[in-house]
Amino acid sequence: MDIAILVPLLAAAVQSGTPILYATLGEILTEKSGVLNLGVEGVMIIGALAGFIVALATGSPLVAFLAAGLAGTLISAVHGVVCLWFKGNQVVSGLALTILGTGLADYLGTSYVGRTAPGFQPVALPLLAKIPVLGPIFFNHDPLVYLTYLIPPLMWYYLTRSRHGLSLRAAGEYPAAATAAGLNVAAYRWCGILVGGFLMGLGGAYLSLAYTHLWTNNLTGGRGWIAVALVIFAFWRPGRAVLGAYLFGGIMAMQLRLQASGTQLPSSLLLMLPYALTVIVLVLSSWRRGMSEAPAALGVNVEPAD
């Protein structure tokens, strides 16, 4: 493939993969604490709508971005109440959260369909953007993309080197042992749910504030489900999540470019590509189940300490 075509495609892969990466990192943190949240799609769409509305009201993309994260935290708290307080089934609660989020966003967002809001624009990083090939691919994006270059290594350090991060992992791996060691397992799981929801909300905000700058129903388009699958593909590792998100982003960017080029392939087949890849990833991950690094107590509710 000609480099003049390949470089813009890879740059588009980074941009398209960014909202998926935010959501995937949020889900990794949630699952590391031992809580399975299948409501990523619902959390993302609520974050996207909240960010869009706040951007219209304030004119500040930064305030809107933070508001989207807060909205993601608040709706994720519903999942926490069901699973941590009432010991409800985590799978059912997550599915209900998706239905709640998408339905609420469609209802509240109908009046905003087609409207545009102020958002983030590309900012070329001095010197780095001039590096041949790598510069246009990685360093000519909006600030929200650059933020994702920092979050994965920070999350890796937090989960593997910090005392609090190791305690959070213990809550997801061996909750009984963690409780015996004096850790408040419920508190660490709340931390995973709320901070994870914040990151998922940021992923949704990227779509409305940086990727499209407008609102339309079903803006997330199934990206939340891709993020759930990507957690398994990445084996719960933030670094591998980056590669997986860009892979999925590349498939999305490629199908858009194929449609724009007037290819003879049916548009429905092209639209199917990212989700077909999701199915393939899940099948391969199941085949390699022995190498899975899922937290041992993932999806298992725990009773509060006496």
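Treat the numbers as computed from the prediction; the structure is a model and nothing was measured.

Peer 1: Even after reading the chapter, I still don't get the environment of Gln121, so can you show me in this structure?
Peer 2: Position of Gln121 relative to the elements: it lies in the loop between helix 4 (90–109) and strand 1 (123–124). Between the C-alpha atoms of Gln121 and Ala4, which are 117 residues apart in sequence, the distance is 23 Å. In contact with Gln121, other than residues within four places in its own chain, are Asp142, Pro143 and His213.

Peer 1: What's the story with the side chain of Glu31 in this structure? I'm lost.
Peer 2: Along the chain, Glu31 turns up in helix 1 (residues 3–32). A polar atom in the side chain of Glu31 sits 2.6 Å from the side chain of Trp236. Dropping the residues within four chain positions of it, Glu31 is found in contact with Leu36, Val231, Trp236, Pro295 and Leu298.

Peer 1: Explain the packing of aromatic side chains here, please?
Peer 2: Aromatic ring pairs are reported here in terms of the distance separating the ring centres and the angle at which the planes meet. The full count for this structure, using the stated rule, is nine aromatic pairs. Measuring from centroid to centroid gives 6.4 Å for Phe138 and Tyr149, while their planes differ by 70 degrees, and the two rings are edge-to-face. A residue pair is termed long-range when its members are at least 10 positions apart, and Phe138 in helix 5 (residues 134–138) and Tyr149 in helix 6 (residues 143–161) qualify at 11 residues. The class of Phe138 is partly exposed, set by a relative accessible area of 27%. For Tyr149, a relative accessible area of 25% gives the class partly exposed. For the pair Phe139 and Tyr149, a centre-to-centre distance of 6.3 Å together with 85 degrees between the ring planes defines the contact as edge-to-face. Taken as a pair, Phe139 in the loop between helix 5 and strand 2 (140–141) and Tyr149 in helix 6 lie far apart in primary sequence, 10 residues in all. One aromatic cluster in this structure is built from Phe138, Phe139, Tyr146 and Tyr149. Lying over the aromatic face of Phe233, Arg240 brings its terminal NZ or CZ to 5.9 Å of the ring centre.

Peer 1: Even after reading the chapter, I still don't get the nonpolar core, so can you show me in this structure?
Peer 2: Side chains that are nonpolar tend, in soluble globular proteins, to be buried together. Among the nonpolar cores identified, the biggest contains 68 residues, and Phe65 and Trp215 are the most heavily contacted of them. Top element by residues in this core is helix 9 (residues 185–211). It accounts for 10 residues.

Peer 1: Sorry if this is basic, but what is going on with the packing of helix 3 (residues 61–85) against helix 4 here?
Peer 2: Two quantities define a packed helix pair, namely the angle between the axes and the distance from one axis to the other. Look at helix 3 against helix 4: their axes get within 10 Å of each other, and the N-to-C directions meet at 150 degrees. The pairing of helix 3 with helix 4 is recorded here as roughly antiparallel in orientation. Classified by chirality, the crossing of helix 4 by helix 3 is right-handed. Contacts between helix 3 and helix 4 involve Ile75, Val78, His79, Val82 and Cys83 on the former and, on the latter, Gln90, Ser93, Gly94, Leu97 and Gly101. Here the contact of helix 3 with helix 4 is composed, by residue class, of five nonpolar, five polar and no charged.

Peer 1: I tried to follow helix 3 on my own but got confused; where do I start?
Peer 2: Side chains three or four residues apart in an α-helix point the same way, a direct result of the helix having 3.6 residues per turn. End to end, helix 3 covers 35 Å across 25 residues, agreeing with the expected 36 Å (1.5 Å per residue, within 8%). Of all the bends in helix 3, the greatest measures close to 25 degrees and is centred on His79. Note on helix 3: the residue one or two positions beyond its end, Lys87, has a positive phi of about 55 degrees.

Peer 1: Can you help me understand a nonpolar patch on the surface in this one?
Peer 2: Together, Val78, Val82, Leu100, Leu104, Tyr107 and Leu108 line one region of the surface with nonpolar side chains, adding up to about 530 Å² of accessible area. Put simply, the parts of the chain that give the nonpolar patch at least two residues each are helix 3 and helix 4. Here the nonpolar patch takes four residues from helix 4, the largest share from any one element. Here Tyr107 shows up in helix 4. On the accessibility criterion, Tyr107 (66% relative accessible area) is exposed.

Peer 1: Just checking my understanding: could you explain helix 1 for this structure?
Peer 2: Largest kink in helix 1: about 40 degrees, centred on Thr18, with the proline Pro19 one to four residues after it. When you tally the buried positions in helix 1, you get 23 out of 30 residues, the bulk of the element. Of the residues one or two after helix 1, Gly34 is the one with positive phi, at around 100 degrees.

Here is what the cut-offs are and how they apply
- For every chain, the first residue of the written sequence is number 1, and numbering continues from 1 along that sequence.
- Totals for whole chains, interfaces and linings use all residues, but because this is a predicted model, local features are given only for residues with pLDDT of at least 70 and pairs of side-chain atoms are given and counted only at 80 or more.
- Side-chain numbers come from the whole structure's heavy atoms, not from hydrogens or water.
- Helix and strand assignments follow DSSP, with helices taken as H or I runs no shorter than four residues and strands as E runs no shorter than two, numbered in order from the N terminus.
- Contact criterion: two residues are considered in contact whenever any of their non-hydrogen atoms come within 4.5 Å of each other.
- Polar contact is the term for a pair of N or O atoms within 3.5 Å; when the atoms are in protein, one must be able to donate a hydrogen and the other to accept it, and sequence-neighboring residues count only if both atoms are side-chain atoms.
- Any Phe, Tyr or Trp ring, taking Trp's six-membered ring, that has another such ring centre within 6.5 Å forms a pair; planes under 30 degrees apart are called stacked, those over 60 apart edge-to-face, and the others tilted.
- Buried means the residue's accessible area, taken with a 1.4 Å probe over protein chains only, is under 20% of the maximum for its type, while exposed means over 50%, and partly exposed covers the values in between.
- A positively charged side chain is recorded as over a ring if its NZ (Lys) or CZ (Arg) lies within 6 Å of the ring centre. The angle to the ring normal must also be within 35 degrees.
- Nine residue types can take part in a nonpolar core, namely buried Ala, Val, Leu, Ile, Met, Phe, Trp, Tyr and Cys, and a core is a set of them joined through side-chain atoms within 4.5 Å.
- Axes here refer to lines fitted to C-alpha atoms; in helices the fit is confined to the stretch in contact. Angles between the N-to-C directions go from 0 to 180 degrees.
- Here is the rule for angles: anything less than 35 degrees is roughly parallel, anything more than 145 is roughly antiparallel, 65 through 115 is roughly perpendicular, and the remaining ranges are oblique.
- For any pair of crossing helices, the crossing counts as left-handed if the nearer helix is rotated counterclockwise from the farther one by less than a right angle, and right-handed if it is rotated clockwise.
- Residue type decides the class: Asp, Glu, Lys and Arg count as charged, Ala, Val, Leu, Ile, Met, Phe, Trp, Tyr, Cys and Pro as nonpolar, and the leftover types, Gly among them, as polar.
- Every helix has an expected span of 1.5 Å times one less than the residues it contains.
- What the bend at a residue measures is the angle between two axes, fitted to the seven residues ending there and to the seven starting there.
- Candidate patch residues must exceed 30% relative accessible area and have no salt bridge, after which like charges are joined if within 9 Å and Val, Leu, Ile, Met, Phe, Trp or Tyr side chains if within 5 Å.
- Shrake-Rupley sampling with a 1.4 Å probe provides the accessible areas, and residues are treated as covered by the protein chains on show and by no other component.
- Between Lys or Arg on one side and Asp or Glu on the other, a salt bridge is scored when a side-chain nitrogen of the former is within 4 Å of a carboxyl oxygen of the latter.

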